[in-house]
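Below, each chain spelled out in residue letters.
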There are 2 protein chains.
Amino acid sequence: MAELVKVAVDAMGGDFAPAEPVKGAVEALQENEKIFVYLVGREEEIRRELRQYTYPEERLSVVPASEVIETGEPPVAAIQKKKDSSLVVGLTMVRRGEADAFVSSGSTGAVLVGGQAIVRKIKGVERAPLAPLIPTEKGVSLLIDCGANVDARPNHLVQFAAMGSIYMEYVMGVRKPTVAIVNIGAEEEKGNALVKETFPLLRACKDIHFIGNIEARDIPKGKADVIVTEAFVGNVILKLYEGVGSVLIHKVKEGMLSSLRSKIGALLVKPALKQTLKSFDASEYGGAPLLGLRGLVVKTHGSARAVEIRHSIQQCLQFREQALNEKIQQYLTDPSAEK
Amino acid sequence: MAELVKVAVDAMGGDFAPAEPVKGAVEALQENEKIFVYLVGREEEIRRELRQYTYPEERLSVVPASEVIETGEPPVAAIQKKKDSSLVVGLTMVRRGEADAFVSSGSTGAVLVGGQAIVRKIKGVERAPLAPLIPTEKGVSLLIDCGANVDARPNHLVQFAAMGSIYMEYVMGVRKPTVAIVNIGAEEEKGNALVKETFPLLRACKDIHFIGNIEARDIPKGKADVIVTEAFVGNVILKLYEGVGSVLIHKVKEGMLSSLRSKIGALLVKPALKQTLKSFDASEYGGAPLLGLRGLVVKTHGSARAVEIRHSIQQCLQFREQALNEKIQQYLTDPSAEK
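Everything quoted here is computed from the prediction, not taken from an experiment.

## A short note on the overall build of chain A
Here is step 1: Scanning chain A from terminus to terminus reveals eleven helices and eleven strands.
Here is step 2: When its C-alpha atoms are laid out on the principal axes, chain A stretches across 70 × 60 × 40 Å.
Here is step 3: Among the 339 residues that make up chain A, the fraction classed as buried is 59%.
Here is step 4: Sequence-distant contacts in chain A: of pairs separated by 6 or more residues, those separated by 24 or more amount to 72%.
Here is step 5: Of the roughly 14,300 Å² of accessible surface on chain A, 50% is carried by carbon and sulfur atoms.

This is the structure in structure tokens:
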């Protein structure tokens with residue numbers, strides 16, 4: 001039997017823990033026999049959930065952790081204090097090489113801080129970006145960086161572009177992914193100081209397929225596979241995406257229920273609409289990887305259901321099988337220094 | 001008869017010029033007898049359009065301008081070269097006090113550059129922000145700044161907050177408008193250097209109703225009346241709003257037409273849906289004012305139809321009647337220096 005890919009899952013993180021993380025883990029195991037899952041968290045609660053399912057027991061192990069880091073807690077203090085939290089225990093397993101990856105729907109801040117502090121960055125990586133997949137008309141794009149380290153420098157963005165390209169190519173299977181930088185116009189001379197300085201550096205990069213600026217309105221159209229931006233702007237894009245989407249869908253529903261005539265129409269339209277909108281739902285594709293670490297950390301939505309956990313575990317498999325970190329390492333090594 | 005508010009309208013700007021600007025101007029005149037309109041542009045083309053309508057001729061005048069600034073032209077060069085363009089002629093009328101305001105659907109860059117260079121800023125205003133109204137679940141919010149001057153400093157943002165509050169209160173009729181600054185978290189300690197420096201300054205402002213940070217996901221929910229941000233981020237928000245909206249609505253339509261059953265449903269749902277989505281369309285509320293100038297300049301969408309032009313002319317009336325610039329001037333004057 002080939003070596004299994006070991007994924008630690010935070011069974012206590014997110015709005016629907018432990019039910020949904022446990023369910024997602026079981027589904028991932030049923031779907032793919034190359035996966036081994038560690039469910040990290042309060043043993044009794046996890047076992048209670050597990051009792052509902054039939055699953056390959058030889059590929060699942062419960063790792064006890066008595067504490068839980070809550071969403072509101074200040075990340076740095078929480079990581080330092082709660083040594084027996086599911087988050088710290090899971091990340092430590094990755095650091096020690098006991099697990100290849102860690103998936104969590106817990107506090108974003110704590111996952112970001114813990115990922116960098118416990119798992120640590122690959123040598124040469126200046127910042128570890130959080131890179132969610134966002135839905136577009138054509139499929140998904142990788143938005144890099146949406147993390148907590150704002151006010152990036154141009155060389156950070158260049159590394160993000162490279163790591164993002166490697167991820168989209170080898171994990172998502174996009175051949176020669178296109179890379180664009182978020183700007184306020186399509187012309188090269190536009191932009192703020194950061195973008196103006198970064199643009200020529202990206203153009204000079206041989207390892208990426210840089211196509212220039214992208215205006216925010218073209219992001220949902222899927223005009224680039226990798227969308228490079230500084231974390232503040234990335235965070236705004238990510239959250240506005242969710243915000244506009246949910247308000248609009250709410251408006252559509254409201255409109256449909258506003259008269260008897262439209263209510264009847266809504267019943268007829270519903271199944272087709274549900275199917276189409278599903279394709280515009282990022283959770284169908286998995287969580288956001290925190291790239292550039294010595295192991296993979298995937299942050300799923302706080303409201304993640306089993307399907308997102310399952311897809312994120314699948315991402316980890318791809319990540320490991322495609323030797324992503326070795327590829328990132330290789331990119332970072334100066335080619336002239338190679339033997 | 002009370003003094004009329006004189007609005008110069010760029011009859012040549014935008015995708016549907018001169019037809020829609022002329023139509024919008026005529027509708028505004030028919031709707032409100034306090035308005036006088038100057039239609040600026042190629043006289044013959046404007047007169048040809050006007051022939052279709054009955055309107056109060058004593059309140060409309062055509063001002064000839066032979067040139068047109070195209071969307072692609074570099075703004076600074078275009079403003080300098082095309083002295084007889086509808087844009088330069090209209091802005092010059094505001095500068096000379098021949099018109100109170102100027103409305104244009106032409107090149108955003110040229111309107112921004114021309115507004116500042118020709119109409120010029122009110123003494124004490126450091127930057128003239130472009131402040132579009134964006135649709136929310138509750139109505140509209142003012143997003144300030146979305147202009148071309150990026151990399152703002154904290155004191156710029158404070159002026160934006162004040163001017164935006166005055167605009168929302170006196171032009172849009174929002175009593176004691178709430179002000180929030182765009183940030184990547186709700187907590188005060190979060191953010192980039194600019195936001196961290198600006199936050200205490202806004203909190204110390206007595207003239208505004210500052211409610212703290214706003215995350216991008218809460219903007220569409222209408223959680224603040226005035227959304228303060230630096231122009232790069234503002235531009236991203238504005239364009240992503242349009243982008244996500246149009247892609248989602250496209251998806252909804254696609255879903256509705258995907259089966260015979262859903263097609264029948266779509267017919268029943270359509271009128272109600274159209275009405276609801278109309279309330280989420282910013283063009284229903286008018287264009288984006290360029291604030292802080294010695295006169296009002298309103299930029300409407302390049303794709304503006306008559307309704308948006310009409311609403312923008314109405315905005316100008318409110319602006320003048322409420323003596324907005326005098327109020328901005330008053331705010332800028334140090335109260336201790338007053339007599």
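Picking up after the structure, the text goes on.
## Describing the relation of the copies chain B and chain A
Here is step 1: In the superposition of chain B on chain A (RMSD 0.0 Å, axial shift 0.0 Å), the rotation amounts to 180°. Accordingly, the operation relating the two chain copies is best matched by a two-fold axis. For chain B, the smallest separation between a C-alpha atom and the rotation axis is recorded for B:Gly265, amounting to 1.9 Å.
Here is step 2: When the interface residues of chain B are mapped onto chain A, 100% of them are again interface residues, pointing to one common binding face.

## Comments concerning the sheet that holds strand E8 (residues 209-214) of chain A
Residue and element names in this part refer to chain A.
Here is step 1: Strands sit in the order E5-E6-E9-E7-E8 across an open sheet of five strands; the sheet is mixed. What marks the edges here is a single partner per strand, and that holds for strand E5 (133-135) and E8. Shown here is a sheet whose adjacent strand axes are inclined to one another by a mean of 30°, direction ignored.
Here is step 2: Bridge count between strand E7 (residues 178-182) and strand E9 (residues 226-228): three bridges; the pairing is parallel. Its bridge partner being in E9, isoleucine 181 is matched across the sheet by valine 228.

## A closer look at helix H1 (residues 19-31) of chain A
Here is step 1: Helix length check: H1(A) (13 residues) gives 18 Å between terminal C-alpha atoms against 18 Å at 1.5 Å per residue, within 8%.
Here is step 2: Where H1(A) is concerned, the buried positions are A:Glu20, A:Pro21, A:Val22, A:Gly24, A:Ala25, A:Val26, A:Ala28 and A:Leu29.

## A look at the packing of aromatic side chains
Aromatic rings in a pair are described by how distant their centres are and how their planes are angled relative to each other.
Here is step 1: On inspection of all chains with the given rule, the structure shows six aromatic pairs over all chains.
Here is step 2: The ring of A:Tyr170 has A:Lys327 sitting right over it, with the charged end atom 4.2 Å from the ring centre.
Here is step 3: Looking at B:Arg305, its charged tip hangs above the ring of B:Phe16, at a distance of 3.6 Å from the centre.

## Quick notes on a positive patch on the surface
All names here are of chain A.
Here is step 1: Together, Arg95, Arg96, Arg120 and Arg294 make up a positively charged patch on the protein surface.
Here is step 2: Residue position: arginine 120 is located in the loop between helix H5 (108-119) and E5.
Here is step 3: We classify arginine 120 as partly exposed; its relative accessible area is 35%.

## Some details on the environment of B:Glu189
Here is step 1: Mapping B:Glu189 onto the fold places it in the loop between strand E7 (178-182) and helix H7 (193-204).
Here is step 2: In sequence terms B:Glu189 and B:Gly13 are 176 residues apart; their C-alpha atoms lie 44 Å from each other.

## Quick notes on the packing of helix H6 (residues 154-170) of chain A against helix H11 (residues 324-332) of chain A
Residues and elements named next belong to chain A.
Here is step 1: One can describe the packing of H6 onto H11 by two numbers: an axis separation of 10 Å at closest approach and a directional angle of 145°. Here H6 runs over H11; the crossing is right-handed. Contacts between H6 and H11 involve Val158, Gln159, Ala162, Met163, Ile166, Tyr167 and Tyr170 from the first element and Leu324, Lys327, Ile328, Tyr331 and Leu332 from the second.
Here is step 2: Here the contact of H6 with H11 is composed, by residue class, of ten nonpolar, one polar and one charged.

## Focus on the sheet that holds E7(B)
Residue and element names in this part refer to chain B.
Here is step 1: What the five strands build is an open sheet, ordered E5-E6-E9-E7-E8; its pairing is mixed. Edge strands, defined here as strands with exactly one partner in the open sheet, are strand E5 (133-135) and strand E8 (209-214). Averaged over neighbouring strand pairs, the angle between their axes works out to 30° when direction is ignored.
Here is step 2: Docked against the sheet, helix H6 (residues 154-170) engages E5, strand E6 (140-144), E7 and strand E9 (226-228), running at close to 150° with respect to E6.

Rules behind the numbers
- Residues numbered from 1 in each chain as written.
- Chains lettered and ligands numbered in written order.
- Predicted model: local features only at pLDDT ≥ 70, side-chain atom pairs only at ≥ 80, totals over all residues.
- Heavy atoms only, no water.
- Helix = DSSP H or I, 4+ residues; strand = E, 2+ residues; numbered from the N terminus.
- Buried < 20%, exposed > 50% of the residue type's maximum accessible area, 1.4 Å probe, protein only.
- Contact = heavy atoms within 4.5 Å.
- Areas by Shrake-Rupley, 256 points an atom, 1.4 Å probe, with all protein chains shown as cover.
- Least-squares fit on C-alpha atoms with pLDDT ≥ 70 in both.
- Pairing = 2+ DSSP bridges.
- Axes fitted to C-alpha atoms, helices over the stretch in contact; angles between N-to-C directions.
- Expected span 1.5 Å × (residues − 1).
- Phe/Tyr/Trp six-rings, centres within 6.5 Å; stacked < 30°, edge-to-face > 60°.
- Lys NZ or Arg CZ within 6 Å of the ring centre and 35° of its normal.
- Patch = residues over 30% accessible without salt bridge, like charges linked within 9 Å, V, L, I, M, F, W, Y side chains within 5 Å.
- Salt bridge = Lys/Arg side-chain N within 4 Å of Asp/Glu carboxyl O.
- Lys, Arg positive; Asp, Glu negative; His and termini not counted.
- Charge placed at Lys NZ, Arg CZ, Asp CG, Glu CD.
- Left-handed = near helix turned anticlockwise from the far one by under 90°.
- Nonpolar A, V, L, I, M, F, W, Y, C, P; charged D, E, K, R; others polar.

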